[in-house]
Amino acid sequence: MQSILTPMLMLVAWTLVMWLWMYATRLPAMSKAAVDPQDAAHPGSLDALPSEVRRIADNYNHLHEQPTIFYALVVYCHLAGITDDTTVMLAWGYVGARILHSLVQATFNKVLYRFLLFVTGTALLIAITARALLVL
């Protein structure tokens, strides 16, 4: 049986990939737009950057929001011994939904597709939580 912690590690790795992608696009865009790096200390100062650059950073920020619930839930499941194949598959499903969400947002950014992927990920979190509650 695969570890319940492996999907968590994969989402951490994906978040770092998005961090690299964010700065690989943001720094050249800031230079091209003549944005002083110190100006980034103020909210909205990077609004001058093109949408295709900003949405990657938006996604990086999103990967620090709902996934925190996923991380806590995975650690709980690991400690409580709720590591059956179904729970691990649900965790991988969540990671897949988040990666797809990132790719949609960072590329063509169709909000309806992002929303459907977000709802899918949330449903998977609910399913993992329900399984954990049933074990109580």
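Everything in this summary refers to the structure shown in the same document.

Calculation rules
- In this convention, every chain numbers its residues from 1, walking through the sequence in written order.
- With pLDDT at 70 or above as the cut-off, local features in this predicted model cover only qualifying residues; side-chain atom pairs require 80 or more to be listed or tallied, and sums for whole chains, interfaces and linings still use all residues.
- Note that the side-chain values use all heavy atoms of the structure and ignore hydrogens as well as water.
- Each aromatic pair joins two rings of Phe, Tyr and Trp (for Trp, the six-membered one) with centres within 6.5 Å, and gets the label stacked for planes under 30 degrees apart, edge-to-face for over 60, and tilted for any other angle.
- Only protein chains enter the accessibility calculation, which uses a 1.4 Å probe. A residue is then buried if its area is under 20% of the maximum for its type, exposed if over 50%, and partly exposed in between.
- Here a strand is any run of E in DSSP of at least two residues, a helix any run of H or I of at least four, and the numbering for each starts at the N terminus.
- We define a salt bridge as a contact between a side-chain nitrogen of Lys or Arg and a carboxyl oxygen of Asp or Glu at a distance within 4 Å.

**Some words on the packing of aromatic side chains**
The geometry of two aromatic rings is summed up by the distance between their centres and the angle between their planes.
Right, so step 1: Applying the stated rule across the entire model yields 4 aromatic pairs.
Right, so step 2: With a centroid separation of 6.0 Å and 55 degrees between ring planes, the pair formed by Phe70 and Tyr71 is classed as tilted. An identical accessibility class is assigned to Phe70 and Tyr71; each is buried.
Right, so step 3: A ring pair is formed by Phe70 and Tyr94, whose centres lie 4.7 Å apart and whose planes are at 25 degrees; its orientation type is stacked. Taken together, the residues span a long stretch of sequence, with Phe70 in helix α3 (residues 67-80) and Tyr94 in helix α4 (residues 85-106) at a distance of 24 residues. In this pair, the class of Phe70 matches that of Tyr94, namely buried.

**A word on the pattern of salt bridges**
Right, so step 1: Tallied over the entire structure, the rule returns 1 salt bridge.
Right, so step 2: Across the pair Arg131 and Asp84 runs a salt bridge whose closest N-O atoms are separated by 2.4 Å. Of the two residues, Arg131 sits in helix α5 (residues 111-135) while Asp84 sits in the loop between α3 and α4, which places them 47 residues apart along the sequence.
Right, so step 3: Taking the relative accessible area as the measure of exposure, Arg131 reaches 28% and is therefore partly exposed.
Right, so step 4: Accessibility expressed as a relative area gives 26% for Asp84, which makes it partly exposed.

This is a description of form; function is not addressed.
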